[in-house]
Amino acid sequence: MPRALITGITGQDGTYLGELLTRKGYQVYGMVRGQNNPRAAVVKELVPSVRMVSGDLCDLSSIVHVVEKAAPDEVYNLAAVSFVGLSWKQPALTVDVTGTGVLRVLEALRMYTGGEMSRIRFYQASSSEMFGKVNRVPQDESTPFHPRSPYGVAKAFGHHITVNYRESYGAYACSGILFNHESPRRGYEFVTRKITRAVARIRLGLQDHVVLGNLDAERDWGYAGDYTCAMWRMLQQDEPDDYVVATGESHSVRELLDVAFARVGIHDWAARNYVLQDPKHMRPAEVDHLVGDASKARERLDWKPTVSFAQLIEGMVDVDLSLERAAAERRE
Ligand code: NDP
Ligand code: GDR
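Residues numbered from 1 in each chain as written. Chains lettered and ligands numbered in written order. Predicted model: local features only at pLDDT ≥ 70, side-chain atom pairs only at ≥ 80, totals over all residues. Heavy atoms only, no water.

Among the 7 residues that make up strand β6 (residues 172–178), 7 are buried, leaving the element largely enclosed by the rest of the structure. The alternating pattern of β6 places Y172, C174, G176 and L178 on one face and A173, S175 and I177 on the opposite face, and all of these are buried. Inspection of the sheet shows strand β5 (residues 121–127) paired to β6 by 7 bridges, in the parallel sense. Paired with A125 across the two strands is G176, which belongs to β6. Following the backbone out of β5, through helix α6 (residues 150–169) and into the adjacent parallel β6, one traces a crossover that is right-handed. (Buried < 20%, exposed > 50% of the residue type's maximum accessible area, 1.4 Å probe, protein only. Helix = DSSP H or I, 4+ residues; strand = E, 2+ residues; numbered from the N terminus. Pairing = 2+ DSSP bridges. Right-handed = clockwise from strand over helix to strand, strands pointing away.)

Below, the structure written as structure tokens:
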């Protein structure tokens, strides 16, 4: 039975990947931080066979212990401070977890394998945020990085150190440069989920409006379940490499609002003042326009997205309507 270790198992991608690897016959180990992480129970419900091991990306010895316990064939490093907005408020923590944390995992693997790093396959969760201020559209594996946030800078370090360990030690290490991907499991701090929950609550009369930042930002939004599948495929190739994973379509936050409100029959959200803007949600440096070219993943991994932008957002609204309705009924 192949064994996989997932850091960040309690996050959005961790649960989808845990489910996928379990279906494929892996014994999955999940690294969980904190002494009593409330999200561990949710993971257990979704992936009952998962084995949890306690560890933190800031603590090398804990990662070594986790690797020893899991004895993995594949390691997926998904853990990170992943909210770009927070990365300006806690830049040093972001760099420590999201950047140096990658190095710690690689070092733990180097120690554990006695330098024979090709024995374990490693996936690093890199990000389109590394492209940042782009003047080349769409972005692919050869597009230069110009990160615009402490998060993006930390991810660029994580990407480069992954490539460096491949070149220095022969590690089987892949960097997946993933564009935004969402789902009903997305954290409420991210703009898609913030909007889909607010739309559901406005529809049910539980909330008057939602306060957002930049409505003109454009992102390439895909479905998380599709993207975790690409992660696994990367580690099944003969040679390790880096891949962009994206839909190739870009939409603005405004379009996202159109689709989400239309799902509940509201077509004049602007006129009804359902959306307010506050500078506190604007970023000190914004990434204006991201759209990925995933040709390499399509050709070499036989990967393509299966869920359209509208299906993704509508599905999220539907789930949030059910959740909010159920919560309201419980309160009555
Ligand atoms: P989430 O924010 O949902 O999950 C982040 C995970 O990291 C959580 O499990 C969290 O655990 C864990 N974590 C945070 N800090 C530490 C730490 N110090 N030690 C150990 N674990 C820690 O992110 P996603 O699932 O959306 O993303 C997965 C990865 O992919 C991240 O690295 C993200 O940066 C990257 N990425 C995501 C994209 C997206 O659109 N979703 C796009 C491109 C890259 P806890 O429960 O303890 O908080
Ligand atoms: P992003 O996702 O920064 O792209 O990072 P997020 O959903 O936070 O922002 C997307 C865009 O929406 C604009 N925006 C707002 N964003 C939030 N969160 N809240 C608001 O109120 C709001 N109003 C407008 C933002 O300015 C931005 O332009 C995500 C994360 O998952 C990263 O971990 C990952 O690496 C990248 O996607 C690819």
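Core analysis: the biggest nonpolar cluster contains 32 residues, and L21, Y76 and Y123 have the highest contact counts within it. Per-element accounting of this core gives the leading share, 5 residues, to helix α8 (residues 224–234). Filtering out sequence-adjacent residues up to four positions away, Y76 remains in contact with A4, L5, I6, T7, L17, L21, Y123, M231, W232, L235 and Q236. One finds I195, I202, F309 and M316 within the second-largest nonpolar core, a separate group that totals 27 residues. (Core = buried A, V, L, I, M, F, W, Y, C linked by side-chain atoms within 4.5 Å. Contact = heavy atoms within 4.5 Å.)

With that out of the way, let us pick up the pairing of strand β1 (residues 3–7). Along any regular strand, the residues point their side chains to alternate faces of the sheet. With 4 of 5 residues buried, β1 is to be regarded as a mostly interior element. Pairing analysis gives 5 bridges linking β1 to strand β2 (residues 27–32), with the strands arranged parallel. Within β2, the position partnered with R3 by the bridge is Q27. Once you follow β1 into helix α1 (residues 12–23) and on to β2, the crossover reads as right-handed. Relative to strand β4 (residues 74–77), β1 is paired through 4 bridges, and the arrangement is parallel. Each bridged residue has a counterpart across the sheet, and for I6 the counterpart in β4 is Y76.

Below, the discussion takes up the site of ligand 1. Taken together, 26 residues lie near ligand 1, and T10, R33, S82, Y151 and H181 sit nearest. The separation between an oxygen atom of ligand 1 and a polar main-chain atom of Q12 is 3.0 Å. At 2.6 Å, a side-chain N or O of S82 approaches an oxygen atom of ligand 1. Protein contacts shield 92% of the accessible area of ligand 1, which totals 900 Å² for the unbound molecule. Taken together, the elements giving at least two residues each to the shell around ligand 1 come down to α1, β5 and α6. (Near = heavy atom within 4 Å. Polar contact = N/O pair within 3.5 Å; in protein donor to acceptor, adjacent residues only side chain to side chain. Areas by Shrake-Rupley, 256 points an atom, 1.4 Å probe, with all protein chains shown as cover.)

Let us look at the UniProt feature "domain: NAD(P)-binding" (unreviewed entry) in the chain. Taking the numbering used here, the UniProt-annotated feature "domain: NAD(P)-binding" (unreviewed entry) corresponds to residues 5–316. A helix fraction of 41% and a strand fraction of 16% characterise residues 5–316, whose end C-alpha atoms lie 28 Å from each other. (UniProt positions renumbered as here; feature names shortened; annotations may be inferred.)

On to the packing of aromatic side chains. All told, the structure shown has 10 aromatic pairs when counted by the stated rule. Consider the rings of F83 and F190, whose centres lie 5.5 Å apart with planes at 80°: the pair is edge-to-face. One end of the pair, F83, is in the loop between β4 and α4 (84–89); the other, F190, is in the loop between β7 (181–182) and α7 (191–203), with 107 residues separating them in the sequence. Ring geometry for Y227 and W303: centres 5.4 Å apart, planes at 85°, overall edge-to-face. Linking Y227 in helix α8 with W303 in the loop between α10 (295–301) and α11 (309–331), this pair joins segments that are 76 residues apart in sequence. Here Y227 falls in the buried class, since its relative accessible area comes to 0%. Given a relative accessible area of 3%, W303 falls into the buried group. Following the ring pairs from residue to residue traces out a cluster consisting of F131, F145 and F179. The ring of F190 carries R186 above its face, with NZ or CZ at 3.8 Å from the centroid. The ring centre of Y243 lies 5.1 Å from the NZ or CZ of K296, which sits over that ring. (Phe/Tyr/Trp six-rings, centres within 6.5 Å; stacked < 30°, edge-to-face > 60°. Lys NZ or Arg CZ within 6 Å of the ring centre and 35° of its normal.)

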